[in-house]
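Results of the structural survey
The residues making up each chain are set out below.
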Amino acid sequence: MEAYGGFAQVYDEFMDNVDYHQWCGYAVKLLKKYGVSDGQLVEIGCGTGTGTMLFAKEGYQMIGIDISQEMLEIAESKKEEENILYVLQDATELELPYTVPAMVSIGDSMNYITDYGDFTMVLKRVNEFLDQDGIFVFDLKTRKYFSEIGETTIAEDREECSFIWENYFDEETNINEYYLSVFVRGDDGRYDKYEEEHFQRGYTLQEVRQAVEMSGLKIENIYEAFSDNEGNEENDRVYVVARKTSETK
């Protein structure tokens, strides 16, 4: 099943507890720290565009890429005066008409790439379309985060929509699997049900470092999310900063 199909309709409502300003603000801090304070910025896994709009407000010229047509349609409908280009694309087949100074991926979009070869391929495609010395900033939920969630069920009941989230983490494969049952109230007062199956992978930092190296990029640093501390396996979320250098092929 396609990720965020039916759930795309109510994604923003159920994500209203997420501090996108913190997520994007921290990514912008890292971009500026490593020399990219303006210009073209590509967001991989832009979803419904909430973060993309915040990056645009920071002065970046935005291209938002996502694999979900439903999510991109919502992103388009939310645009105000921002000059944002949204593109339907699989990140493993990333294609741009030109290279750019920076790319970002936040909200654990990279965790959705569960195959290690595909994870490395995305990094290779990023390397292909970054300017010389360009920067890629992306976040990841850690294996520890998924392990602590384990097997659990989360449910929310709201006036216009509800969902049941059944979660399971496989300690051997590091794959987190969750089933979504979403109920959306229609104009006639009855509820339409959508079912989706999602998978994320809890990558170790060693796997991340190896994939970045294999892609031709170079890791500048891995940070504990929202801090200046060096990231480690005990963090729930980390931000990775990788650069295209003159040594990359």
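The structure under discussion appears in the preceding block.
What counts and how
Residues numbered from 1 in each chain as written. Predicted model: local features only at pLDDT ≥ 70, side-chain atom pairs only at ≥ 80, totals over all residues. Heavy atoms only, no water. Pairing = 2+ DSSP bridges. Helix = DSSP H or I, 4+ residues; strand = E, 2+ residues; numbered from the N terminus. Axes fitted to C-alpha atoms, helices over the stretch in contact; angles between N-to-C directions. Buried < 20%, exposed > 50% of the residue type's maximum accessible area, 1.4 Å probe, protein only. Arc of directions from axis to C-beta. Contact = heavy atoms within 4.5 Å.

Read from one edge of the open sheet, four strands run β6-β7-β8-β9, paired in antiparallel fashion. Each having just a single partner strand, β6 (152–157) and β9 (191–201) make up the two edges of the open sheet. Averaged over all adjacent pairs, the angle separating strand axes in this sheet is 10°, with direction ignored. The pairing of strand β7 (residues 161–170) with strand β8 (residues 175–185) spans ten bridges and is antiparallel. From the neighbouring strand, Y168 faces β8, where its bridge partner is E177.

Structural remark: α-helix, 3.6 residues per turn; residues separated by three or four positions point the same way. If you check which residues of helix α7 (residues 205–215) are buried, you get L205, E207, V208, A211, V212 and S215. Projected onto a plane normal to the axis of α7, the buried residues spread over an arc of 155° and lie on a single side. Turned more than 90 degrees away from the buried face of α7 sit Q206 and E213, all of them exposed. Those residues of α7 that are buried lie in contact with α5 (116–128), β5 (130–141), β9, β10 (218–224) and β11 (237–243).

Read these as layout, nothing more, since geometry by itself doesn't imply function.
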